[in-house]
Structure formats: C-alpha cells, structure tokens
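Chain and residue survey
Spelled out from the first residue to the last, the chains are:
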Amino acid sequence: MTRQILVSGGTSGIGAGIAQAFRDAGDAVTAVGLAGPDLDAAAKDPAFRGIDLKPLDVSDQAAVDAFAASLTQVDVLVNCAGMIRRMAEYEMPTFLKVLDVNLGGTMRLCLACKDLLAQSGRGGAIVNTASMLSFFGGPAVPAYSASKGGVMQLTKSLAVAWAKDGIRVNAVAPGWIATPLTQALQDDAARSQVILDRTPMARWGTPADVAKAVLFLASDQADFITGAILPVDGGYAAM
Ligand code: NAP
C-alpha cells in the first residue's frame, strides 16, 4: 500500500525539498503551508507536481483539528513549519508567537495525527525539525532557540510515550541550510564566511541534504531508531 506522507511547512525551503523527495520515492504526499504567496507559487510550480498542497496554519488549533479530521491515512508526519524573527523575539508577543508555531505547531500536529499514525500498517513515523539552536544559544533569536530546544525534548518525550503505539518519533537537526529563512545570512558575506569557517564540510547545506536524512528516519532502515536527534550539518555540531 502506498505510504501517505504529511509535511508541514512543505511549500518552501527544507519542507518543500522533503515533500518532493518523498514524492520522487513513490509516496503520496500532502504538503501544508500558510495560505499566501508561497502556497500560491507552489501551486503553479512544476516542481510540486503530484503533491497535494493545502493551506494550514499550525498555530490555529481549530484549523489543525478540522484538517486532521479530513484525513484517513497518515503513515509519516514531518513537522517542518517554522518561523524566526531576529531581535524582535525580545518582545513578548513575538516570543510567544514563535514558540506557538515552532513548538506548539509541532505538538498540535503530532497529537492530531497520533491515532492515524498508530493505525499505519507499517508503523507510524514522525520526523520533527530541530536545529543547531537546539544545542547552542542564539543571542538574536531567544524564542527560536527555546522552541528548537523544546522540539528536541518533545521528540524524545513522545518517542518514549508512543513506542507502545508503534510510532517512532525522531528529529533532524539541520545545520546551515540555504533557504528563504537564512537568506539574510547568505546575503551577508562576512556572516556567511563565519558559518562556512565553522562548518567542516565548508558549504551551505541544501534542502535535499536534509530530505535524505528525513527519508531514512521515516523508512524501514530506521526500524529500531526512536528518540534520536540526527544532525545534518556538515559537521558543524562536531566542532
Ligand atoms: P522556510 O523556507 O521559511 O520554510 C518555513 C515554512 O514554514 C514555510 O513553508 C512557511 O510558510 C511555514 N510556516 C511558517 N509559519 C507557519 C504556520 N504558522 N503554519 C504553517 N506553516 C508555517 O524556512 P526553512 O529554512 O525551510 O525552515 C524549515 C524548518 O527547518 C523550520 O522549522 C526551521 O526552523 C528549520 N531549520 C532551518 C534551518 C536553515 O538553516 N534553513 C536550520 C535548522 C532548522 P510560508 O512560506 O507561507 O511562510
């Protein structure tokens, strides 16, 4: 039976790369993203052909519940929706919003999809998106860092709690990946060089790099792996 994959944040950057990689592997893929320009552009982009695109704000509990109620099969859930607001995260409304999207949104979709994942004949799998800032502090992004530390601990907690339900829960921790989220850093030659100097493999990562690790964690090859946080970082965290 064809696997059904759900990818949040699947209309842009890493999530789009993940959605396309699952599609290319022969899975049925639904990618959700915020209603707006990225979703509209994805709908017209041939790179998304064959991917079911839907609007969903992961910080909207009612919308997530209604969306989940419309699903009949989820074998793999990839939580990739995320936002970052450099310096603005020192203002409480922004701090709480970033936590609500990155950490709350991950938990919302995990809870909403749990029963369907447990019913997956092949064993359900969740792959969350952590970050290097799950391990290190980020002085310009306190909410983003707190949220990604939270995603790491949430991943481990759900892995322990849901193993009995046949659901594996893992996360990737991408290093510095070239996407719209990091465009400002890529465009700043000095800051980009600092990142490259600190990355043993000396290049920016790509969404495809992260997708390969996600497909592995979601596959039979990772049958006995749960609660793992897998860096995909060209060695950044090892330095
Ligand atoms: P991106 O291109 O900006 O993608 C983020 C995605 O999340 C977009 O599709 C965005 O939708 C969606 N999103 C934002 N708020 C949402 C909400 N409330 N509900 C639903 N979707 C929402 O950035 P990216 O770099 O690919 O990031 C993807 C994930 O990887 C994030 O969790 C990020 O924290 C993580 N990550 C990225 C890096 C990196 O170096 N790029 C490193 C570590 C971790 P719109 O496009 O419509 O706004």
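Right above here is the structure, for reference.
None of the values given here were measured: they were computed from a predicted structure.

Re the overall build of the protein chain
Looking only at helices and strands, the protein chain features eight helices and seven strands. Computed over its C-alpha atoms, the radius of gyration of the protein chain comes to 17 Å, within 12% of the 18 Å expected for a compact globule of 239 residues. Expressed along its principal axes, the backbone C-alpha trace of the protein chain runs to roughly 50 × 35 × 35 Å. Out of the 239 residues belonging to the protein chain, those deemed buried represent 51%. Put simply, of all contacts in the protein chain between residues at least 6 apart along the chain, 71% involve residues at least 24 apart. About 10,700 Å² of surface is accessible on the protein chain, with carbon and sulfur atoms providing 59% of the total.

Remarks on the packing of aromatic side chains
Counted under the stated rule, the structure contains three aromatic pairs. Arranged with centres 5.9 Å apart and planes meeting at 65°, the rings of Trp176 and Tyr236 form a pair that is edge-to-face. Here Tyr236 lies in the segment after strand 7 (229-232) and Trp176 lies in the loop between strand 6 (167-174) and helix 6 (183-187), a separation of 60 residues in the sequence. Among the aromatic side chains, those forming a connected cluster through ring pairs are Phe135, Phe136, Trp176 and Tyr236.

Quick look at the site of the ligand
Of all residues adjacent to the ligand, which total 27 residues, the nearest are Ser12, Ile14, Asp38, Tyr144 and Thr179. Between the ligand and the protein, one listed contact pairs an oxygen atom with a backbone N or O atom of Gly9 at 3.5 Å. For the ligand, a nitrogen atom lies 3.5 Å from a polar atom in the backbone of Leu56. Within the complex, 91% of the 880 Å² of free accessible area of the ligand lies under protein.

Considering unusual backbone geometry
Excluding glycine, residues mostly have negative phi values, and the peptide bonds linking residues are mostly trans. Of note in the backbone geometry, Met87 takes a positive phi value of approximately 65° without being a glycine. Relative to the helices and strands, Met87 is located in the loop between strand 4 (76-79) and helix 4 (92-119). A residue is classified by how much of its surface remains accessible, and Met87, at 53% relative accessible area, is exposed. Positive phi values are uncommon outside glycine, yet Ala202 reaches one of about 55°.

Digging into the side chain of Ser219
With respect to the helices, strands and loops of the structure, Ser219 is situated in the loop between helix 8 (207-217) and strand 7. In this structure the side chain of Ser219 is engaged in a polar contact, spanning 3.1 Å, whose partner is the backbone nitrogen of Gln221. Not counting residues up to four positions away in its chain, the partners in contact with Ser219 are Arg3 and Arg168.

Thresholds applied
Residues numbered from 1 in each chain as written. Predicted model: local features only at pLDDT ≥ 70, side-chain atom pairs only at ≥ 80, totals over all residues. Heavy atoms only, no water. Helix = DSSP H or I, 4+ residues; strand = E, 2+ residues; numbered from the N terminus. Rg over C-alpha atoms; globule rule 2.2 N^0.38 Å. Buried < 20%, exposed > 50% of the residue type's maximum accessible area, 1.4 Å probe, protein only. Contact = heavy atoms within 4.5 Å. Areas by Shrake-Rupley, 256 points an atom, 1.4 Å probe, with all protein chains shown as cover. Phe/Tyr/Trp six-rings, centres within 6.5 Å; stacked < 30°, edge-to-face > 60°. Near = heavy atom within 4 Å. Polar contact = N/O pair within 3.5 Å; in protein donor to acceptor, adjacent residues only side chain to side chain.

This is a description of form; function is not addressed.
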